[in-house]
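Here are the chains, one letter per residue:
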Amino acid sequence: MKKGVMRPGHIQLRVLDMAKALEHYVELLGLIEVDRDDKGRVYLKGWTEVDKFSVVLREADEAGMDFMAFKVLDDATLGRLTEALVAFGCAVESIPAGELKDCGRRIRFSAPSGHCFELFAEKQQTGKWGIAEINPEAWPRGLKGMKATRFDHALLYGDELPETLRLFREVLGFDLAEQVLDPEGNRVAQFLTCSMKAHDVAFIQHPEQGKLHHASFFLETWNDVLRAADLISMTDTSIDIGPTRHGLTHGQTIYFFDPSGNRNEVFCGGDYHYPDQPTVTWTTDQLGKAIFYHDRQLNERFFTALT
């Protein structure tokens, strides 16, 4: 049952060198820099996104994710979900409007997996970059690099998956679109959606809490993914694997690393999910095919390189 969570809103990533990070996220990935603040954070967005920003970069001594946020319908929904989170047992922190530039008040909480999440209802809407709201053209001129359209999802590694799933389903209203089960029936991966997408956030069982596997950005076509692979080689960017297809979600994908070691994904395609659809199940004996559908072989780095 939907609870008023609409979609991913933003992700804040820690980077080791801001200049190198911006060269990666703006020149290569193709995000647009929209603002900076007095804390040194830099705000970015994909060109199709209506909200002012979806990615915040913060320079730090250790790479990784500070938090991921979801946008909710309105302030009343934010208040209701705050009460529901407290009732679930989450410690909820209230963050005033303006702490992130041009974003309304946020609430912050930790999932049982050890990851920090936020909810917010209001953020300045600046529209699609370079596209008019009336009689819009197909795409803007002047896009760079891979021409990423939006921040799409994050894949996170941590433990306590059953309680994390209960939080996201019962409190936040997400659906379990896909899962991976081991021979004993234990869920070792869960792909959750609050929309029609294949997933808006996903979790993999891991003994260490609070780890980021990747932040993912959407491209329009398979040809764009192949072009992204060319750009990765042209810039000598560290690549993980791809281009290939997933079995899970069936998205067409490539993985690579930013200069700080944070893994990025760009992908296109993928399944859709309606609330009345049953959960798609993969089994661990087919995990190679589930993750890398074409070569069906697991890449150890894919499981061990985390931030």
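What counts as what
- Residues numbered from 1 in each chain as written.
- Predicted model: local features only at pLDDT ≥ 70, side-chain atom pairs only at ≥ 80, totals over all residues.
- Heavy atoms only, no water.
- Helix = DSSP H or I, 4+ residues; strand = E, 2+ residues; numbered from the N terminus.
- Pairing = 2+ DSSP bridges.
- Axes fitted to C-alpha atoms, helices over the stretch in contact; angles between N-to-C directions.
- Contact = heavy atoms within 4.5 Å.
- Salt bridge = Lys/Arg side-chain N within 4 Å of Asp/Glu carboxyl O.
- Buried < 20%, exposed > 50% of the residue type's maximum accessible area, 1.4 Å probe, protein only.

**Q** Explain unusual backbone geometry residue by residue, including any values.
**A** The general pattern is negative phi for most residues beyond glycine and trans for most peptide bonds. Cis peptide bonds are those with omega within 30 degrees of zero, and the linkage from Gly242 to Pro243 qualifies with 5°. Along the chain, the position of Pro243 falls in strand S14 (residues 239-245). Unlike most non-glycine residues, Lys147 shows phi in positive territory, near 60°. Mapped onto the secondary structure, Lys147 falls in the loop between strand S8 (116-120) and strand S9 (150-158). In this structure, Glu160 is a non-glycine residue whose phi angle is positive, near 60°. Structurally, the position occupied by Glu160 is in the loop between S9 and helix H3 (161-171).

**Q** I'd like a rundown of the sheet that holds strand S11 (residues 187-193), residues and numbers included.
**A** In sheet architecture, strand pairing relies on hydrogen bonds along the backbone and comes in two forms, parallel and antiparallel. Read from one edge of the open sheet, 9 strands run S14-S15-S16-S13-S9-S12-S11-S10-S17, paired in mixed fashion. The two strands at the open ends of the sheet, each matched to only one other strand, are S14 and strand S17 (280-283). Strand-to-strand, the axes of this sheet are offset by a mean angle of 20°, without reference to chain direction. Sheet topology places S9 next to strand S12 (residues 201-205); 5 bridges connect them, and they run parallel. Across the sheet, the residue bridging to Ala154 is Val201, located in S12. With respect to the sheet, helix H4 (residues 222-234) is in contact with S14, strand S15 (251-257) and strand S16 (263-269), its orientation differing from that of S15 by roughly 15°.

**Q** Talk me through the pattern of salt bridges; I want residue IDs and the actual numbers.
**A** The final tally for this structure, using the stated rule, is 24 salt bridges. Put simply, Glu99 and Lys39 hold a salt bridge, and the shortest N to O gap is 2.7 Å. Of this pair, Glu99 sits in the loop between strand S6 (93-95) and strand S7 (106-110) while Lys39 sits in the loop between strand S2 (32-36) and strand S3 (42-45), placing them 60 residues apart in sequence. We classify Lys39 as exposed; its relative accessible area is 54%. Note that Arg150 and Asp152 form a salt bridge whose closest N and O atoms lie 2.8 Å from each other. A residue is classified by how much of its surface remains accessible, and Arg150, at 25% relative accessible area, is partly exposed. Since its relative accessible area comes to 2%, Asp152 is described here as buried. A cluster of three or more residues bridged by salt bridges with shared partners is formed by Asp37, Lys39, Arg41, Glu99, Arg106, Arg108 and Glu118.

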